[in-house]
Amino acid sequence: MSYLESLGLLHRTHGGASKQSRFAYEKNVNEKENINVEIKQAIARKAANIIDENDSVILASGTTIHYLARTMGSFQKLTVLTSSLRVALELCMMPNINIIQLGGEVRKSSTSIVGAISESVLKQFSCHKLFLGVDGIDLEFGISCSSAAEAHLNQAMIECAEKVIVLADSSKINKKGFGKIADLDRVDTIITDRGIDLETKERLEDMGVTVIISD
(Lines give C-alpha, C1' and ligand atoms only; values in the text may rest on other atoms or scores of the structure.)
Protein backbone atom coordinates (compact mmCIF):
# COMPACT_ATOMS: atom_id res chain seq x y z
CA MET A 1 0.00 0.00 0.00
CA SER A 2 2.80 2.43 0.87
CA TYR A 3 4.39 1.83 -2.54
CA LEU A 4 1.15 2.57 -4.41
CA GLU A 5 0.58 5.65 -2.25
CA SER A 6 4.08 6.93 -3.11
CA LEU A 7 3.18 6.66 -6.80
CA GLY A 8 0.05 8.72 -6.22
CA LEU A 9 -2.23 5.82 -7.18
CA LEU A 10 -3.79 5.31 -3.77
CA HIS A 11 -4.68 7.53 -0.83
CA ARG A 12 -4.43 6.01 2.66
CA THR A 13 -7.70 6.09 4.65
CA HIS A 14 -8.90 4.69 7.95
CA GLY A 15 -9.39 0.98 7.40
CA GLY A 16 -7.74 0.74 3.98
CA ALA A 17 -7.02 2.75 0.88
CA SER A 18 -8.95 4.56 -1.83
CA LYS A 19 -8.08 6.06 -5.18
CA GLN A 20 -5.93 9.17 -5.16
CA SER A 21 -7.37 11.93 -2.97
CA ARG A 22 -9.07 14.85 -4.69
CA PHE A 23 -7.96 17.18 -1.91
CA ALA A 24 -4.80 19.27 -2.23
CA TYR A 25 -2.64 19.40 0.87
CA GLU A 26 -0.23 22.17 1.79
CA LYS A 27 3.45 21.66 1.04
CA ASN A 28 6.36 23.91 1.95
CA VAL A 29 7.67 25.96 -0.97
CA ASN A 30 11.05 24.20 -0.74
CA GLU A 31 9.31 20.86 -1.28
CA LYS A 32 7.25 22.22 -4.17
CA GLU A 33 10.40 23.46 -5.91
CA ASN A 34 11.37 19.83 -6.59
CA ILE A 35 8.01 18.65 -8.00
CA ASN A 36 7.30 18.59 -11.77
CA VAL A 37 10.11 21.08 -12.39
CA GLU A 38 10.38 20.74 -16.19
CA ILE A 39 6.61 20.85 -16.61
CA LYS A 40 6.34 24.01 -14.50
CA GLN A 41 9.16 25.65 -16.45
CA ALA A 42 7.40 24.88 -19.75
CA ILE A 43 4.16 26.36 -18.40
CA ALA A 44 6.06 29.46 -17.28
CA ARG A 45 7.59 29.94 -20.74
CA LYS A 46 4.16 29.70 -22.34
CA ALA A 47 2.80 32.25 -19.87
CA ALA A 48 5.59 34.71 -20.67
CA ASN A 49 4.45 34.70 -24.31
CA ILE A 50 1.15 36.36 -23.40
CA ILE A 51 2.75 39.26 -21.52
CA ASP A 52 3.08 42.42 -23.61
CA GLU A 53 5.53 45.29 -23.30
CA ASN A 54 4.17 48.07 -21.05
CA ASP A 55 1.83 45.67 -19.28
CA SER A 56 1.12 45.98 -15.60
CA VAL A 57 0.86 42.46 -14.22
CA ILE A 58 0.25 40.79 -10.89
CA LEU A 59 2.37 37.77 -10.03
CA ALA A 60 0.92 35.83 -7.13
CA SER A 61 2.88 33.22 -5.18
CA GLY A 62 3.84 29.66 -6.11
CA THR A 63 6.73 27.84 -7.71
CA THR A 64 5.37 28.05 -11.27
CA ILE A 65 4.95 31.81 -10.81
CA HIS A 66 8.56 31.96 -9.60
CA TYR A 67 9.67 30.19 -12.77
CA LEU A 68 7.65 32.74 -14.78
CA ALA A 69 9.52 35.58 -13.09
CA ARG A 70 12.82 34.01 -14.20
CA THR A 71 11.76 34.25 -17.88
CA MET A 72 10.99 37.98 -17.83
CA GLY A 73 14.44 39.49 -18.27
CA SER A 74 13.95 40.38 -21.95
CA PHE A 75 11.16 42.89 -21.36
CA GLN A 76 12.06 46.52 -21.91
CA LYS A 77 9.24 48.06 -19.90
CA LEU A 78 7.02 46.23 -17.45
CA THR A 79 5.40 46.85 -14.08
CA VAL A 80 4.99 43.88 -11.76
CA LEU A 81 2.99 43.87 -8.55
CA THR A 82 3.68 40.77 -6.45
CA SER A 83 2.92 39.16 -3.11
CA SER A 84 5.87 36.79 -3.45
CA LEU A 85 9.18 37.65 -1.81
CA ARG A 86 11.00 35.19 -4.06
CA VAL A 87 9.50 36.73 -7.19
CA ALA A 88 10.45 40.24 -6.08
CA LEU A 89 14.06 39.19 -5.42
CA GLU A 90 14.23 37.47 -8.81
CA LEU A 91 12.93 40.56 -10.60
CA CYS A 92 15.38 42.83 -8.79
CA MET A 93 18.05 41.51 -11.17
CA MET A 94 16.06 42.79 -14.19
CA PRO A 95 16.67 46.54 -14.63
CA ASN A 96 13.70 47.27 -16.91
CA ILE A 97 11.03 45.87 -14.61
CA ASN A 98 9.34 48.16 -12.10
CA ILE A 99 8.47 46.15 -8.98
CA ILE A 100 5.75 46.85 -6.44
CA GLN A 101 6.03 44.53 -3.44
CA LEU A 102 2.89 44.06 -1.40
CA GLY A 103 3.40 44.53 2.33
CA GLY A 104 1.82 42.72 5.23
CA GLU A 105 2.14 39.46 7.12
CA VAL A 106 4.76 37.05 5.80
CA ARG A 107 3.51 33.50 5.32
CA LYS A 108 6.73 31.58 5.80
CA SER A 109 5.69 28.29 4.21
CA SER A 110 5.14 30.05 0.88
CA THR A 111 7.48 33.05 1.39
CA SER A 112 4.61 35.32 0.40
CA ILE A 113 2.59 38.17 1.86
CA VAL A 114 -1.00 37.78 3.04
CA GLY A 115 -3.48 39.67 5.17
CA ALA A 116 -5.55 42.82 5.42
CA ILE A 117 -2.70 45.24 4.70
CA SER A 118 -1.90 43.71 1.32
CA GLU A 119 -5.60 43.38 0.44
CA SER A 120 -6.13 47.07 1.20
CA VAL A 121 -3.17 48.12 -0.97
CA LEU A 122 -4.50 46.13 -3.94
CA LYS A 123 -7.60 48.35 -4.06
CA GLN A 124 -5.36 51.18 -5.29
CA PHE A 125 -4.35 49.38 -8.51
CA SER A 126 -5.79 48.26 -11.83
CA CYS A 127 -3.67 45.78 -13.77
CA HIS A 128 -3.79 44.17 -17.19
CA LYS A 129 -3.15 40.58 -16.17
CA LEU A 130 -3.00 38.39 -13.09
CA PHE A 131 -0.88 35.25 -13.15
CA LEU A 132 -2.11 32.95 -10.44
CA GLY A 133 -0.78 29.65 -9.11
CA VAL A 134 -3.33 27.33 -7.51
CA ASP A 135 -3.42 24.00 -5.68
CA GLY A 136 -6.69 22.82 -7.20
CA ILE A 137 -8.93 23.25 -10.24
CA ASP A 138 -12.33 21.59 -9.90
CA LEU A 139 -15.14 21.94 -12.42
CA GLU A 140 -17.72 22.54 -9.70
CA PHE A 141 -15.71 24.07 -6.84
CA GLY A 142 -13.57 26.32 -9.03
CA ILE A 143 -9.97 27.31 -8.31
CA SER A 144 -8.58 26.93 -4.80
CA CYS A 145 -5.45 26.74 -2.67
CA SER A 146 -4.51 25.09 0.60
CA SER A 147 -4.46 28.35 2.61
CA ALA A 148 -7.56 30.42 3.40
CA ALA A 149 -5.39 33.53 3.79
CA GLU A 150 -3.80 33.04 0.36
CA ALA A 151 -7.24 32.42 -1.15
CA HIS A 152 -8.60 35.67 0.29
CA LEU A 153 -5.66 37.65 -1.09
CA ASN A 154 -6.06 35.99 -4.48
CA GLN A 155 -9.71 37.09 -4.51
CA ALA A 156 -8.56 40.69 -4.05
CA MET A 157 -6.06 40.26 -6.90
CA ILE A 158 -8.80 39.04 -9.22
CA GLU A 159 -10.84 42.18 -8.50
CA CYS A 160 -8.09 44.48 -9.78
CA ALA A 161 -7.07 42.53 -12.91
CA GLU A 162 -8.60 42.67 -16.38
CA LYS A 163 -7.55 39.11 -17.21
CA VAL A 164 -6.97 36.14 -14.90
CA ILE A 165 -4.47 33.53 -16.08
CA VAL A 166 -4.05 30.39 -13.96
CA LEU A 167 -0.80 28.44 -14.16
CA ALA A 168 -1.25 24.85 -12.99
CA ASP A 169 0.34 21.56 -13.97
CA SER A 170 -2.14 18.78 -14.66
CA SER A 171 -1.68 17.22 -11.21
CA LYS A 172 -3.80 20.13 -9.91
CA ILE A 173 -6.74 19.32 -12.21
CA ASN A 174 -9.84 17.83 -10.57
CA LYS A 175 -8.53 18.65 -7.10
CA LYS A 176 -9.73 20.99 -4.35
CA GLY A 177 -7.77 23.03 -1.85
CA PHE A 178 -9.09 24.14 1.53
CA GLY A 179 -9.56 27.78 0.52
CA LYS A 180 -11.77 28.57 -2.46
CA ILE A 181 -10.48 31.43 -4.60
CA ALA A 182 -13.17 31.80 -7.25
CA ASP A 183 -15.56 30.05 -9.59
CA LEU A 184 -14.23 29.19 -13.03
CA ASP A 185 -16.27 31.96 -14.64
CA ARG A 186 -13.73 34.40 -13.17
CA VAL A 187 -10.88 32.67 -15.01
CA ASP A 188 -9.95 33.70 -18.55
CA THR A 189 -7.11 31.28 -19.28
CA ILE A 190 -5.58 28.13 -17.78
CA ILE A 191 -2.07 27.13 -18.86
CA THR A 192 -1.31 23.50 -18.10
CA ASP A 193 0.46 20.47 -19.61
CA ARG A 194 -0.52 17.52 -21.78
CA GLY A 195 -1.53 15.49 -18.73
CA ILE A 196 -4.96 17.12 -18.67
CA ASP A 197 -7.63 14.70 -19.89
CA LEU A 198 -9.57 15.63 -23.04
CA GLU A 199 -12.99 15.59 -21.35
CA THR A 200 -11.91 18.07 -18.65
CA LYS A 201 -10.27 20.32 -21.25
CA GLU A 202 -13.43 20.37 -23.34
CA ARG A 203 -15.64 21.08 -20.34
CA LEU A 204 -13.42 23.98 -19.29
CA GLU A 205 -13.60 25.40 -22.82
CA ASP A 206 -17.39 25.00 -22.80
CA MET A 207 -17.35 27.18 -19.67
CA GLY A 208 -15.54 29.91 -21.60
CA VAL A 209 -12.04 29.21 -20.25
CA THR A 210 -9.19 29.23 -22.77
CA VAL A 211 -6.95 26.20 -22.13
CA ILE A 212 -3.35 26.49 -23.34
CA ILE A 213 -1.14 23.39 -23.35
CA SER A 214 2.58 23.89 -22.74
CA ASP A 215 5.25 22.28 -24.92
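Look a little higher up for the structure.
Note that the structure is predicted; figures quoted are calculated from it, not measured.

A.B. asks: Can you tell me about the overall build of the protein, naming the residues and giving the values?
C.D. replies: When helices and strands are tallied, the protein shows 8 helices and 14 strands. Considering the protein as a whole, with its 215 residues, one finds that 47% of them fall into the buried category. Summed over all atoms, the accessible surface of the protein reaches about 10700 Å², with 51% contributed by carbon and sulfur.

A.B. asks: How would you summarise the packing of aromatic side chains if you had to cite specific residues and measurements?
C.D. replies: This structure, assessed with the given rule, holds 0 aromatic pairs. A cation sits over an aromatic face here: lysine 180 above phenylalanine 141, 5.5 Å from the ring centre.

A.B. asks: I'd love a proper account of the sheet that holds strand 12 (residues 179–182), names of residues and values included.
C.D. replies: Spatially, the 3 strands line up as an open sheet ordered 9-10-12, and their pairing is antiparallel. Every other strand in the sheet has two partners, leaving strand 9 (136–138) and strand 12 as the edge strands with one partner each. On average, each strand axis in the sheet is inclined to that of its neighbour by 35°, with strand direction left out of account. Where strand 10 (residues 142–145) lies against strand 12, 3 bridges are found, and the strand directions are antiparallel. Counterpart to isoleucine 143 in the pairing with strand 12 is alanine 182.

A.B. asks: Now, about the sheet that holds strand 3 (residues 56–59): what can you tell me, with residues and values included?
C.D. replies: Spatial strand order, 5-4-3-8-11-13-14: 7 strands in an open sheet with parallel pairing. Each edge of the sheet is formed by a strand with only one pairing partner; in this case those strands are strand 5 (97–101) and strand 14 (210–213). Neighbour to neighbour, the strand axes of the sheet diverge by 20° on average, direction disregarded. In this structure, strand 3 lies alongside strand 8 (residues 127–133), joined through 3 bridges in parallel fashion. Bridging across to strand 8, valine 57 finds its partner in lysine 129. Strands strand 3, strand 8 and strand 11 (161–167) of the sheet are contacted by helix 4 (residues 63–70), whose axis makes an angle of about 130° with strand 8.

A.B. asks: Lay out the packing of helix 3 (residues 37–48) against helix 4 with the relevant residues and their values.
C.D. replies: Contact geometry for helix 3 and helix 4: axes closest at 8 Å, N-to-C directions at 55°. Classified by the angle between their axes, helix 3 and helix 4 sit oblique to one another. As for how helix 3 packs across helix 4, the hand of that crossing is right-handed. Contacts between helix 3 and helix 4 involve Val37, Lys40, Gln41, Ile43, Ala44, Ala47 and Ala48 from the first element and Thr63, Thr64, Tyr67 and Leu68 from the second. Along the lines of polarity and charge, the residues of the contact of helix 3 with helix 4 split into 7 nonpolar, 3 polar and 1 charged.

A.B. asks: Summarise the pairing of strand 11; cite the residues concerned and give the values.
C.D. replies: Within strand 11, 5 of the 7 residues are buried, leaving the element largely enclosed by the surrounding structure. Bridge count between strand 8 and strand 11: 6 bridges; the pairing is parallel. Paired with glycine 133 across the two strands is leucine 167, which belongs to strand 11. Looking at chain direction, strand 11 and strand 13 (residues 189–192) are connected through 3 bridges and run parallel. Residue pairing in the sheet places valine 166 in a bridge with isoleucine 190 of strand 13.

A.B. asks: Describe the nonpolar core, and please don't skip the residues or the numbers.
C.D. replies: Ile137, Ile143, Val166 and Ile181 are the most contacted members of the largest nonpolar core, which totals 33 residues. If you list the elements that add at least two residues to this core, you get strand 8, strand 10, helix 7 (148–159), strand 11 and strand 12. Ala44, Val80, Met94 and Ile191 belong to the second largest nonpolar core, which has 23 residues in total.

Quick notes on the rules
- Residues numbered from 1 in each chain as written.
- Predicted model: local features only at pLDDT ≥ 70, side-chain atom pairs only at ≥ 80, totals over all residues.
- Heavy atoms only, no water.
- Helix = DSSP H or I, 4+ residues; strand = E, 2+ residues; numbered from the N terminus.
- Buried < 20%, exposed > 50% of the residue type's maximum accessible area, 1.4 Å probe, protein only.
- Areas by Shrake-Rupley, 256 points an atom, 1.4 Å probe, with all protein chains shown as cover.
- Phe/Tyr/Trp six-rings, centres within 6.5 Å; stacked < 30°, edge-to-face > 60°.
- Lys NZ or Arg CZ within 6 Å of the ring centre and 35° of its normal.
- Pairing = 2+ DSSP bridges.
- Axes fitted to C-alpha atoms, helices over the stretch in contact; angles between N-to-C directions.
- Contact = heavy atoms within 4.5 Å.
- Parallel < 35°, antiparallel > 145°, perpendicular 65-115°, else oblique.
- Left-handed = near helix turned anticlockwise from the far one by under 90°.
- Nonpolar A, V, L, I, M, F, W, Y, C, P; charged D, E, K, R; others polar.
- Core = buried A, V, L, I, M, F, W, Y, C linked by side-chain atoms within 4.5 Å.

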